[in-house]
Protein chains: 2
Amino acid sequence: MKTAIGIDIGGTNTKIALVDAKGNILARKQLTTASSNNVDEYFQAIFSKIAQLRREEGDPAISGLGIGAPGCNEQDGTIERTANLIIKEQVPIRTIFSEYYQRPAYLIKDSNAAALGEKLFGGARRMDNFVLFTLGTGLGCGIFLNGQLVRGNSGLASEMGHITISGNDRICGCGRKGCLETYISATGLRRTVFQLMAERNLDSPLRRYSYSSMTAKIIADAAAAGDALALAAFDCTAKVLARTIADLSACFEPEAVFLSGGLALSGDLLLQPTRKYLEEQVLYLVKGKTRIFPSSLGANDAALLGAASLALFNQKEKIL
Amino acid sequence: MKTAIGIDIGGTNTKIALVDAKGNILARKQLTTASSNNVDEYFQAIFSKIAQLRREEGDPAISGLGIGAPGCNEQDGTIERTANLIIKEQVPIRTIFSEYYQRPAYLIKDSNAAALGEKLFGGARRMDNFVLFTLGTGLGCGIFLNGQLVRGNSGLASEMGHITISGNDRICGCGRKGCLETYISATGLRRTVFQLMAERNLDSPLRRYSYSSMTAKIIADAAAAGDALALAAFDCTAKVLARTIADLSACFEPEAVFLSGGLALSGDLLLQPTRKYLEEQVLYLVKGKTRIFPSSLGANDAALLGAASLALFNQKEKIL
């Protein structure tokens with residue numbers, strides 16, 4: 001069976017996998033995403049991991065490579081200020097990889113890759129209208145409507161993390177105020193916990209952590225153990241997420257919204273209150289039309305599979 | 001040339017036109033949209049106007065009829081609680097018209113019809129990604145992405161008038177609080193004027209009008225004459241509209257947003273401040289990507305043309 005390499009450039013780690021046309025991950029590697037401006041070293045480290053992976057798998061032929069990266073330019077095939085890579089100019093990553101391997105290489109936004117993975121191999125296989133959120137350091141989003149990925153007029157669509165919530169004064173990394181991802185993301189959950197510690201008098205083990213040492217995992221563990229402050233933070237996050245999904249439901253009437261990424265690992269802690277608030281907040285016309293699911297590809301494999309699929313089903317991707 | 005009948009069921013008036021395949025309106029009629037529950041009388045009045053129109057035009061052959069109506073069910077071909085028609089059950093309007101005329105009849109949401117009209121005959125002819133707002137009694141919306149109309153999973157999409165703005169306590173006709181159309185519509189503009197009269201001490205000729213007698217036209221005329229209160233109301237409306245367009249731009253990166261409907265007749269009074277605030281508020285990634293235009297089909301003909309087009313280009317509409 002045809003195989004290809006999928007690469008998912010994340011904020012912290014870069015994941016690499018050998019994927020077959022049924023969406024099986026045959027082998028995987030991981031490395032730290034460079035936080036320096038030495039992009040050549042970072043690429044060499046990726047090449048070396050791929051060489052190691054292929055050697056270990058008996059040097060399989062690959063049909064090509066698909067790369068998912070946040071904030072990339074899909075049309076030009078370039079990255080700039082992507083994840084933690086501090087790059088001063090646009091880097092033609094697609095050309096660099098296709099020339100190195102003498103195989104077709106593809107570049108896609110990580111959140112679009114995740115939506116494509118969910119469509120081809122996951123819970124959205126029979127859906128033409130759905131939205132996938134990646135809840136990580138930031139909030140990413142991939143939108144399928146009429147069976148097609150929504151890319152925008154020049155490939156810049158799907159920045160739903162940057163729709164604005166008025167009455168929200170949190171400063172966003174984009175330089176504006178009130179962006180959705182300042183609430184709906186692992187970082188947003190942490191901000192909410194610190195706001196709640198300032199506003200309420202609830203005792204909580206979370207008060208023993210510094211802002212720098214606090215993670216979504218620590219908050220989820222506290223909530224799972226019944227900590228009221230942690231539960232309140234999930235409740236607040238769910239309320240904002242439900243309102244966003246209610247808005248999406250009114251605009252597009254998607255069949256489902258999928259949650260993936262690290263924060264989605266919190267499972268029912270986030271899903272249950274989000275479903276409850278959606279039911280309360282949604283426009284009567286579309287009540288019950290949009291359901292909320294966790295990604296069926298685990299928290300983090302959707303993007304890897306979606307990226308690889310570009311090199312596995314090039315023609316099909318064009319149809320999508 | 002092929003001709004068809006377009007019907008646009010509005011809150012106040014129902015418009016009827018004989019349209020050719022180039023988008024020319026060859027003749028038109030108008031009647032009051034019934035505000036009773038006697039839907040049969042209303043339909044008879046439409047039939048009679050169409051008969052009169054055809055007689056006056058030398059009884060042209062028609063290929064069919066396209067009906068645009070707010071809040072209709074496109075898939076079932078039914079209306080219920082549409083515009084001012086107070087109907088207790090679902091009325092199969094598509095079947096009623098196709099049986100009466102023995103010709104194909106089509107039903108489409110008025111705002112989708114307007115977007116389709118703009119795409120086929122108006123300013124969006126060469127665009128694959130755009131949004132059209134109808135600014136009337138309420139706020140309607142039609143969305144084209146990847147060259148296709150976004151209809152949602154069961155034809156209920158495009159209710160963008162009911163996305164919610166938090167920090168806004170205005171009660172909406174849908175029973176919820178804070179819907180966008182409580183600001184962005186002719187009714188919303190009037191609400192804003194009354195809020196500003198309560199909040200500010202600006203003298204204004206608008207203070208001589210009752211709520212019931214106030215119209216968007218009166219407010220636009222006052223603003224055009226330099227009245228500070230009326231200008232402040234347009235400024236407030238523009239700020240909310242610009243934020244909505246900034247959000248749309250981040251989500252879909254449409255090439256353009258078109259404004260149609262009665263409030264769009266206010267022209268630069270709304271357009272200029274909206275463009276200014278969009279420039280200030282939009283995410284840097286999509287800066288300058290989405291432009292704002294008035295509908296090129298006048299304030300109110302886009303829906304009529306789009307509805308008629310369904311009976312003129314049936315195959316083509318399926319492609320769209």
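Look up: the structure comes first, before these words.
What counts as what
- Residues numbered from 1 in each chain as written.
- Chains lettered and ligands numbered in written order.
- Predicted model: local features only at pLDDT ≥ 70, side-chain atom pairs only at ≥ 80, totals over all residues.
- Heavy atoms only, no water.
- Salt bridge = Lys/Arg side-chain N within 4 Å of Asp/Glu carboxyl O.
- Helix = DSSP H or I, 4+ residues; strand = E, 2+ residues; numbered from the N terminus.
- Buried < 20%, exposed > 50% of the residue type's maximum accessible area, 1.4 Å probe, protein only.
- Contact = heavy atoms within 4.5 Å.
- Expected span 1.5 Å × (residues − 1).
- Arc of directions from axis to C-beta.
- Pairing = 2+ DSSP bridges.
- Buried area = accessible area lost by both parts, 1.4 Å probe.
- Polar contact = N/O pair within 3.5 Å; in protein donor to acceptor, adjacent residues only side chain to side chain.
- Nonpolar A, V, L, I, M, F, W, Y, C, P; charged D, E, K, R; others polar.
- Least-squares fit on C-alpha atoms with pLDDT ≥ 70 in both.
- Right-handed = clockwise from strand over helix to strand, strands pointing away.
- Axes fitted to C-alpha atoms, helices over the stretch in contact; angles between N-to-C directions.

### Regarding the pattern of salt bridges
Where charged atoms from two side chains of opposite charge approach closely, those side chains can pair.
Here comes step 1: A full pass over the atoms with the stated rule returns 14 salt bridges over all chains.
Here comes step 2: For Glu74 of chain A, the salt bridge goes to Arg151 of chain A, with nearest N and O atoms at 2.4 Å. Here Arg151 of chain A lies in the loop between strand 8 (148-149) and helix 4 (186-199) and Glu74 of chain A lies in the loop between strand 4 (65-69) and helix 2 (93-101), a separation of 77 residues in the sequence.
Here comes step 3: For Arg151 of chain A, a relative accessible area of 24% corresponds to the partly exposed category.
Here comes step 4: Between Glu159 of chain B and Lys109 of chain B there is a salt bridge, with the nearest N and O atoms lying 3.0 Å from each other. Pair noted here: Glu159 of chain B is in the loop between strand 8 (148-149) and helix 4 (186-199) and Lys109 of chain B is in strand 5 (residues 105-109), with a separation of 50 residues, a long-range link.

### Details of helix 5 (residues 216-224) of chain A
Quick reminder: α-helices carry 3.6 residues per turn. Residues three or four places apart thus point the same way.
Here comes step 1: Looking only at helix 5 of chain A, the buried set comprises Ala216, Ile218, Ile219, Ala220, Ala222 and Ala223 of chain A.
Here comes step 2: For helix 5 of chain A, the secondary structure elements touched by its buried residues are helix 4, helix 6 (228-252) and helix 7 (268-281) of chain A.

### What about helix 1 (residues 39-56) of chain A?
Residues and elements named next belong to chain A.
Here comes step 1: Taking 1.5 Å per residue as the helical rise, helix 1 with its 18 residues ought to reach 26 Å, and the 26 Å between its terminal C-alpha atoms agrees with that figure.
Here comes step 2: Taken together, the buried positions of helix 1 are Val39, Tyr42, Phe43, Ile46, Phe47, Ile50, Leu53 and Arg54. For helix 1, the angular spread of buried residues about the axis comes to 140°, placing them on one side. Exposed positions of helix 1 whose direction lies more than 90 degrees from the buried face are Asp40, Glu41, Arg55 and Glu56.
Here comes step 3: Next to the buried residues of helix 1 lie strand 1 (3-9), strand 2 (13-20), strand 3 (25-32), strand 4 and helix 2.
Here comes step 4: Positive phi shows up at Gly58, right after helix 1, with a value of about 80°.

### What to know about the environment of Arg200 of chain B
Here comes step 1: Turning to its location among the elements, Arg200 of chain B is positioned in the loop between helix 4 and helix 5 (216-224).
Here comes step 2: If we ignore the near neighbours within four places in the chain, the residues touching Arg200 of chain B are Arg207 and Ala232 of chain B.

### Re the pairing of strand 10 (residues 291-294) of chain A
Here comes step 1: Direction of pairing for strand 9 (residues 256-260) of chain A relative to strand 10 of chain A: parallel, over a ladder of four bridges. If you follow Leu259 of chain A over to strand 10 of chain A, its bridge partner there is Pro294 of chain A.

### Some details on the interface of chain A and chain B
Here comes step 1: On the side of chain B, 39 residues touch chain A, which itself brings 39 residues to the contact.
Here comes step 2: At the boundary of chain A with chain B, total buried surface from both sides reaches about 3,500 Å², with 51% on carbon and sulfur atoms.
Here comes step 3: Considering only the surface of chain A that becomes buried against chain B, Asn153, Cys251 and Glu253 of chain A emerge as the three largest contributors, covering 16% of it.
Here comes step 4: Here chain A is connected to chain B by zero salt bridges.
Here comes step 5: Viewed at the interface, chain B and chain A are joined by 24 residue pairs in polar contact (both at pLDDT 80 or more).
Here comes step 6: Every element with two or more residues in the side of chain A that touches chain B is listed here: strand 7 (139-145), strand 8 and helix 6 of chain A.
Here comes step 7: Of all the elements, helix 6 of chain A adds the most residues to the side of chain A that touches chain B, at five residues.
Here comes step 8: Of the residues assigned to the side of chain A that touches chain B, the class counts are 18 nonpolar, twelve polar and nine charged.

### Looking at unusual backbone geometry
All names here are of chain B.
Here comes step 1: Even without being a glycine, Ser158 presents a positive backbone phi close to 75°.
Here comes step 2: Residue classification places Ser158 among the buried residues on the basis of a relative accessible area of 3%.
Here comes step 3: Residues other than glycine seldom take positive phi values, yet Glu253 does so here, at roughly 45°.
Here comes step 4: The buried category is assigned to Glu253, whose relative accessible area is 1%.

### Some words on the relation of the copies chain A and chain B
Here comes step 1: Note on the copies: chain A fits chain B at an RMSD of 0.0 Å, the axial shift is 0.0 Å, and the rotation between them is 180°. Considering both components of the superposition, the chain copies are consistent with a two-fold axis.
Here comes step 2: Comparing interface residues between copies, 100% of those in chain A also sit at the interface in chain B, which points to an isologous, same-surface contact.

### Structural notes on the pairing of strand 9 (residues 256-260) of chain B
Residues and elements named next belong to chain B.
Here comes step 1: Among the five residues in strand 9, five count as buried, and that is most of the element.
Here comes step 2: Side-chain alternation along strand 9 places Ala256, Phe258 and Ser260 on one buried face and Val257 and Leu259 on a second face that is also buried.
Here comes step 3: Pairing geometry for strand 6 (residues 130-135) and strand 9, over five bridges, is parallel. If you follow Val131 over to strand 9, its bridge partner there is Val257.
Here comes step 4: Each parallel crossover has a hand, and for strand 9 linked through helix 7 (residues 268-281) to strand 10 (residues 291-294) it is right-handed.

### Regarding the sheet that holds strand 2 (residues 13-20) of chain B
Residue and element names in this part refer to chain B.
Here comes step 1: Within the open sheet, the five strands sit side by side as 3-2-1-4-5. Their pairing is mixed. Both edges of this open sheet fall to strand 3 (25-32) and strand 5, since each of them pairs with a single strand only. Shown here is a sheet whose adjacent strand axes are inclined to one another by a mean of 20°, direction ignored.
Here comes step 2: Relative to strand 5, strand 4 (residues 65-69) is paired through five bridges, and the arrangement is parallel. Paired with Ile67 across the bridge in strand 5 is Leu107.

### Thoughts on the environment of Phe258 of chain B
Residue and element names in this part refer to chain B.
Here comes step 1: Topologically, Phe258 is positioned in strand 9.
Here comes step 2: Owing to a relative accessible area of 2%, Phe258 belongs among the buried residues under this scheme.
Here comes step 3: C-alpha of Phe258 to C-alpha of Arg208: the two residues are 50 residues apart in sequence and 33 Å apart in space.
Here comes step 4: For Phe258, the residues in contact, after removing those within four places along its chain, are Glu118, Gly123, Ala124, Met127, Phe130, Val131, Leu132, Phe133, Phe293, Pro294 and Ser295.

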